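# Topology and contacts: notes
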Amino acid sequence: MNSSSVSFVFLGLLIGVQYLFSSASAQLDDGDHHDYLLKIDKLPDQMTLPSEDCLSFGYYGKKCPDLEAIINAKLKEWIVKDPSLAASLIRLHFHDCSVRGCDASILLDHEGSERWTEVSKTLRGFEVIDDIKAEIEKKCPRIVSCADILTAAARDATVIAGGPYWMVQYGRKDGLVSLAKEAEEVPMGHESITSLIELFQSKGLNVVDLAILSGAHTIGRASCGSIQNRIFNYSGTGKPDPSVNARYLNFLKGKCRWASEYVDLDATTPRTFDVQYYANLPKNMGLLPTDAKLYIDSRTAPLVSALADQPSLFFYQFGVSMAKLGNVQVLTGPHEGEIRTKCSFVNSHQ
């Protein structure tokens, strides 16, 4: 089967899921939607990874019953003061899961850790997770892992930003190792679609997850330093990337004179969690090179087209893909990892 055929197979799966979701939703009132989503989550194309066997939705039911309420209340406090933190927390979670799996290794703060590397310099939200952890330690000392907190925080940040809700399984342990050199494998917006698909496959994710999780760029910002070559010196030509929309290019040139500035990933509705990100791509208004490539590559272009005008499909599948991301290479065994008392240090160094 060639790459184009594979793309249309995935597109068919997505449309089929949307049909099932739409048909059933029409028969249910609002109070029943969560129950239906739990049933849909067991469809074959959303089968869980083997490592999820030790995770569960009720993991903290008796040990820390107020966990989700604490996380949600704290997040609302922070995001009311700074709405941009919602996108930052989603990104922090993605960076964490991209290296050694979802083990909170990105939170470790010591020389030579992932957090200290160049690719992590623009990450934000560490203080939010520290604040949540401190509050949880008061109620449930040495019970809840930082990895679980970060995973749930990414979900709640999505909801607060106007995105979908999904159920989070708990039981992750915190990793003991964080290496700066390993953080270099995190995508930074310049990779080929092939390399991104290979990275996602190495984590148990697929091309649908790639297209869907890229949709997180519906909110959030990128540093101007990450696109200056594209708008001023594309491939060393001394000229901008000719594929960028001319009007959008003029805007970017004015906005990004300095590398230290920031620019919205979605130029049209940057404060709204919606499908406008996908609608921008056919107009050559993808900010990062990888955004633009999603609409050019035959493996992802049909998905972009399908998602651009089907918000219910995007919202549903975003929850599915984020749930899968949160379960990548988790530590759950009795001799794997630990429960940190402070998220920035392993227990032996506190």
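In this report, we go over the structure that sits alongside the text. Since we're looking at a predicted model, the values are computed, not measured.

What follows concerns the environment of Ser84. Following the sequence through the fold, Ser84 ends up in the loop between α3 (67–81) and α4 (85–98). Overall, the relative accessible area of 27% leaves Ser84 in the partly exposed class. Considering only alpha carbons, one finds Ser84 and Arg221, 137 residues apart in sequence, at a separation of 8.2 Å.

Summed over all chains, the structure comprises 4 disulfides. Between the sulfur atoms of Cys97 and its disulfide partner Cys102 the distance amounts to 2.0 Å. Every disulfide takes its handedness from the sign of the S-S torsion; for Cys97 and Cys102 that torsion is 120°, giving right-handed. For Cys102, a relative accessible area of 0% gives the class buried. When the bonded cysteines of the protein chain are numbered from the N-terminus onward, they pair as 1-4, 2-3, 5-8, 6-7.

This paragraph deals with the pattern of salt bridges. One pass over the full model with this rule turns up 16 salt bridges. Between Asp82 and Arg124 there is a salt bridge, and its shortest N-O distance comes to 2.6 Å. Linking Asp82 in the loop between α3 and α4 with Arg124 in the loop between α4 and α5 (126–139), this pair joins segments that are 42 residues apart in sequence. By relative accessible area, which is 24% here, Asp82 ends up partly exposed. Exposure remark for Arg124: the relative accessible area of 26% places this residue in the partly exposed category.

What counts and what doesn't
- Residues numbered from 1 in each chain as written.
- Predicted model: local features only at pLDDT ≥ 70, side-chain atom pairs only at ≥ 80, totals over all residues.
- Heavy atoms only, no water.
- Helix = DSSP H or I, 4+ residues; strand = E, 2+ residues; numbered from the N terminus.
- Buried < 20%, exposed > 50% of the residue type's maximum accessible area, 1.4 Å probe, protein only.
- Disulfide = S-S within 2.5 Å.
- Salt bridge = Lys/Arg side-chain N within 4 Å of Asp/Glu carboxyl O.

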